[in-house]
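# Coordinate analysis (summary)
Listed below are the residues making up each chain.
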Amino acid sequence: MAVDRSLIGKVFEATAPMAVSAESIIEFCRTMEEHNPRYGKSGANGEIVAPPSFAVTFRNTDAFFRFTPQLGRGFDAGKEVEFFVPIRAGDEISLTSIVRDIYEKTGRTGTMTFVILRSTLTNQRGETVAHVDHRFVHRNPAAKENPAETE
Amino acid sequence: MTAASERQFAQVTIGEALGPFEITIGKPLVRRYAAACGMDSGRFRDDGEARAEGLPGMIVPGNLSLSLLSKLVTDWIGSGGGHLKRIGTTYRSMVLPEHRLTLHGFVTHVDSDSRAVEIDVWIENDDGERLVIGTASVEFPTTA
Amino acid sequence: MATIIDLHSHSEASDDSRAPVEAYLNWIKLRRAERPIDGIVLTEHRQFNRSGDYRELEDKYGVLVLRASEIETDYGHMLVFGVNDEILRRFDFTDVRLPAQIVIDGVAAMGGVVVPCHPGRPTVGLHEHYEHKPPLHNIVAVEMLNGGSRKGEDERSRELVARHGYRAIGGSDSHMVSLIGLCATSFSSQIGTIEDLVRELRSGDYQPVDFRPRRAVPRRAEPVPGQE
């Protein structure tokens, strides 16, 4: 698989801001059986505050995948998330993503291409909510079974 | 792993354990999480669709592993002023539903000046294989 | 005097690790009773990392810090000890398809030593490559115990060692602070420099040591989301 490093630095601009409903946060909390009083319905000051990892549910990675059909869809190999401002019900989250790195390595399933895509989440007040570095792995076509293995 | 208490910075020591907590992620949870996150891939919904992609069956989305490890840390912090500043995860191997897993964590660094704490976290299977590994950074407010 | 060294570890200089060197050393100090490690070797992926001066930290924690590399070859991953400018001029460590035999012989001629790591691991381990390619020559040792091994991988490594009569080392392959020193190598001689290490690996007396805890039944059951 050819690694096209010229994509490094390419920016995928945000689509329309995504509205955060109270229901979506509450459903996420219910799914995770979140009992921490800081999150969900009983957030401070009557606000409905999302747990930190709710941030990873926002993504425009499809735009990147559409741009690189030769790589295929790939698998999630890991994430690095930095949290700045909590997400609250009523927020509108915008996303911008940039390709930070592309490199090859070999692992248990053969040669793999790794792509690091950084998404920056911004709320309607212009505050940076989080940086989410997605690490995608794309296997070469001859890879063995268990395609989601990353080592 | 309940969040009733408030973790105080002065309590935190290097080597302190988070867990271990034993879990089994059921297929209904995988489907519900994927739906809650708008992840519409068949690999998180149906064994047949997953097999069509060359997988052994439904797999647990990486985001769910990240959410479980985040919750391990935020439950440890509790309802006090400390907050999860960062979490990084590496998905080393597929996590499959309906298998017994264990969540692990250890405090590895405590910085008194910045009131910052570093934590190793991972998900292990019954063979002791670490399927997901990660680290988290927690910060405590100066007034806590 | 024996020296126990974890010969395989990754610090935050590797793309898939966030472990600071000082945190590794502090963890070793904290867990010395269960993992009596005298030193570690930083074997960063696909590079030789010269950055950082660890002399003060070595004194502070009483742990030796040496540097090496983990490279990727047509026979799997290998640790390179005794890396020098000549070796780096000759071989591009970022190349994930380095020719193993040429690297082994070239590094040896330039003063270093190459040790295949996790040989029992699929695709990137020597064991599998030997199933369809001729064995390599001039192998000094292989990493028989690897702290990141999955079920069956160390057993395959052990079988390879027995079949070919290789000498064996151990390393944690740690990418996280709390996993440092899980496997290591015990040398009968004292080691204080990378030159000592290369010399001992070539002709000294050593064996892998395993400090991994025996598997215990998890202590507490945690209610999991979706399992009422």
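Residues numbered from 1 in each chain as written. Chains lettered and ligands numbered in written order. Predicted model: local features only at pLDDT ≥ 70, side-chain atom pairs only at ≥ 80, totals over all residues. Heavy atoms only, no water.

## Digging into the packing of helix α1 (residues 27-36) of chain B against helix α3 (residues 62-77) of chain B
All names here are of chain B. Look at α1 against α3: their axes get within 10 Å of each other, and the N-to-C directions meet at 100 degrees. By the angle between their directions, the pair α1 and α3 is classed as roughly perpendicular. Residue-level contacts link Leu29, Val30 and Tyr33 of α1 to Asn63, Leu64 and Ser67 of α3. When its residues are assigned to classes, the contact of α1 with α3 shows four nonpolar, two polar and no charged. (Axes fitted to C-alpha atoms, helices over the stretch in contact; angles between N-to-C directions. Helix = DSSP H or I, 4+ residues; strand = E, 2+ residues; numbered from the N terminus. Parallel < 35°, antiparallel > 145°, perpendicular 65-115°, else oblique. Contact = heavy atoms within 4.5 Å. Nonpolar A, V, L, I, M, F, W, Y, C, P; charged D, E, K, R; others polar.)

## Quick notes on the packing of aromatic side chains
With the rule as written, the count across this model stands at 10 aromatic pairs over all chains. Their ring planes at 5 degrees and their centres at 5.5 Å tell us that A:Tyr103 and A:Phe114 sit as a pair that is stacked. One end of the pair, A:Tyr103, is in strand β4 (residues 92-107); the other, A:Phe114, is in strand β5 (residues 110-122), with 11 residues separating them in the sequence. Since its relative accessible area comes to 14%, A:Tyr103 is described here as buried. Taking the centre distance of 6.2 Å and the plane angle of 75 degrees together, the rings of C:Tyr75 and C:Tyr130 count as edge-to-face. (Phe/Tyr/Trp six-rings, centres within 6.5 Å; stacked < 30°, edge-to-face > 60°. Buried < 20%, exposed > 50% of the residue type's maximum accessible area, 1.4 Å probe, protein only.)

## Some words on the interface of chain A and chain B
Each partner contributes residues to the interface: chain A has 35 residues there, and chain B has 42 residues. When the buried surface of chain A facing chain B is broken down by residue, A:Met32, A:Arg38 and A:Phe83 rank first, second and third, together holding 18% of it. Remark: the boundary between chain A and chain B carries two salt bridges. A salt bridge links A:Glu27 to B:Arg32; its shortest N-O distance comes to 3.0 Å. Linking chain A to chain B there are 18 residue pairs in polar contact (both at pLDDT 80 or more). (Buried area = accessible area lost by both parts, 1.4 Å probe. Salt bridge = Lys/Arg side-chain N within 4 Å of Asp/Glu carboxyl O. Polar contact = N/O pair within 3.5 Å; in protein donor to acceptor, adjacent residues only side chain to side chain.)

## Considerations on the pattern of salt bridges
Applying the stated criterion across every chain, the model contains 35 salt bridges over all chains. One salt bridge in this structure joins A:Arg100 and A:Asp133, with 3.6 Å as the shortest N-O distance. Residue A:Arg100 is found in strand β4, and its partner A:Asp133 is found in strand β6 (residues 128-139); the two are separated by 33 residues along the sequence. Taking relative accessible area as the criterion, A:Arg100 reaches 44% and is therefore assigned partly exposed. The partner of C:Arg121 in a salt bridge is C:Glu153, with the nearest N and O atoms 3.8 Å apart. Of this pair, C:Arg121 sits in the loop between β5 (113-116) and α5 (126-129) while C:Glu153 sits in helix α6 (residues 153-164), placing them 32 residues apart in sequence. With respect to class, C:Arg121 is no different from C:Glu153; both count as buried. Members of the salt-bridge network, linked through shared partners, are A:Lys105, C:Asp15, C:Asp16, C:Arg46 and C:Glu72.

## Some thoughts on the nonpolar core
Judged by nonpolar contacts, the single largest core of 73 residues is most densely connected at A:Ile87, B:Ile25, B:Leu64, B:Val73, B:Trp76, B:Val117 and B:Ile119. Of the residues forming this core, the biggest block, eight residues, is contributed by α3(B). Counting only domains with at least three residues in this core, you end up with domain 1 (1-25 + 60-144) and domain 2 (27-58) of chain B. In this structure B:Ile25 touches B:Val30, B:Val60, B:Leu64, B:Leu68, B:Val95, B:Pro97, B:Glu98, B:His99 and B:Leu101, once residues within four positions along its chain are discounted. (Core = buried A, V, L, I, M, F, W, Y, C linked by side-chain atoms within 4.5 Å. Domains from an automatic or database assignment.)

## Some thoughts on the domain arrangement of chain B
Residues and elements named next belong to chain B. Looking at chain B, the domain boundaries give domain 1 (1-25 + 60-144) and domain 2 (27-58). Using only C-alpha atoms to locate each centre, domain 1 and domain 2 end up separated by 25 Å. Contacts between the two partners involve 10 residues from domain 1 and, on the opposite side, 10 residues from domain 2. Counting each side, the surface lost to burial between domain 1 and domain 2 is near 940 Å², with a carbon and sulfur contribution of 79%. In terms of surface lost to domain 2, no three residues of domain 1 exceed Pro61, Leu64 and Pro97, which account for 44% of the buried area on that side.

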